Amino acid sequence: MRRRRPSPTALGSALGAALTLGIALAVLAAGPALASSYRYWSFWDGGSGGGTWSYATTGPSLARPADGSVQGFRFAVSRDAGAEAARPRAAADFAAVCGATPAAEGTKRVALVIDFGVPADAPAGEGPPQESPRTACAQVAPQATAAEALASVAKPLRYNGAALLCAIAGYPQQGCGEPISSPQDTARAQTPDPGAASAPAAGPDSGTGPSVGLLAGIAAVAALAAAGVWQSRRRAR
């Protein structure tokens, strides 16, 4: 018995469905690249004052810096990644911040660098409360977190429902980590950190070329279309 050949309409529907699915995968995979920057307070670890900032791996409410540590905060529009986020524009120098504060029994000293950023990164209708970074030496209990040290010198702080730090010293008055996808919104006049180590080279999703997700979606389109053609020829034999 001869098998019936699929009609052109059926083949067209199958290929159309495959193409639609592939395009959907491409759009979903490329989605994160459209909003890869955020306006937020990033948190940095300066260690024991060696001058170099490292992107913190835990939030300030969980970090418990040791005596002699330096902690940094920077408000900016930047990517949520250590290699690309905006660093504080002052060196992580414990002696410069806490050198005049004597050690006291039952406490620890934590040097804080609070960088309110530049006007280009401010939300609409607001501006940084000061141009240069603010420094303060917090003298707190030995078990205090970085958030508690910050609260002792830079109130009021504002958090959202997910415990994300939204404002330091009342800045900004609104917003909290909102995504920024417009190129003109992500432009900023950033002064390099004099004590920062060189950042790693940008990855495939850095905006310099097609994202990995987008290329994967396009490949899926091609693969599905090819599979549909092969299947139609096999049935036609």
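The paragraphs below set out a description of the structure included in this document.

Rules behind the numbers
- Residues numbered from 1 in each chain as written.
- Predicted model: local features only at pLDDT ≥ 70, side-chain atom pairs only at ≥ 80, totals over all residues.
- Heavy atoms only, no water.
- Helix = DSSP H or I, 4+ residues; strand = E, 2+ residues; numbered from the N terminus.
- Buried < 20%, exposed > 50% of the residue type's maximum accessible area, 1.4 Å probe, protein only.
- Contact = heavy atoms within 4.5 Å.
- Polar contact = N/O pair within 3.5 Å; in protein donor to acceptor, adjacent residues only side chain to side chain.
- Disulfide = S-S within 2.5 Å.

### Structural notes on the overall build of the chain
Argument step 1. Secondary structure summary: the chain contains 5 helices and 8 strands in total.
Argument step 2. For the chain, the sequential pattern of α-helices and β-strands runs α-β-β-β-α-β-β-α-β-β-β-α-α.
Argument step 3. Every one of the 237 residues in the chain was classed for burial, and the buried ones make up 35%.
Argument step 4. Once local pairs closer than 6 in sequence are excluded, the contacts in the chain between residues at least 24 apart make up 70%.

### Considering the side chain of Ser42
Argument step 1. In this structure, Ser42 sits in strand β1 (residues 37-45).
Argument step 2. Of note is the side chain of Ser42, whose polar atom sits 2.8 Å from the side chain of Trp44.
Argument step 3. Setting aside chain neighbours within four positions, we find Ser42 in contact with Tyr55, Gly72, Phe73, Arg74 and Ala86.

### Points about the state of the cysteines
Argument step 1. Counted by the stated rule, this structure contains 2 disulfides.
Argument step 2. Each sulfur in the disulfide pair Cys98 and Cys137 lies 2.1 Å from the other. The sign of the 115° torsion about the S-S bond sets the Cys98-Cys137 disulfide as right-handed. Taken together, the residues span a long stretch of sequence, with Cys98 in helix α2 (residues 94-98) and Cys137 in strand β5 (residues 134-140) at a distance of 39 residues. Residues Cys98 and Cys137 agree in their burial class; the two are buried.
Argument step 3. A sulfur-sulfur separation of 2.0 Å characterises the disulfide bridge that pairs Cys166 with Cys176. The sign of the -75° torsion about the S-S bond sets the Cys166-Cys176 disulfide as left-handed. Here Cys166, found in strand β7 (residues 165-167), pairs with Cys176, found in the loop between β7 and β8 (178-180); they are 10 residues apart in sequence, far enough to count as distant.

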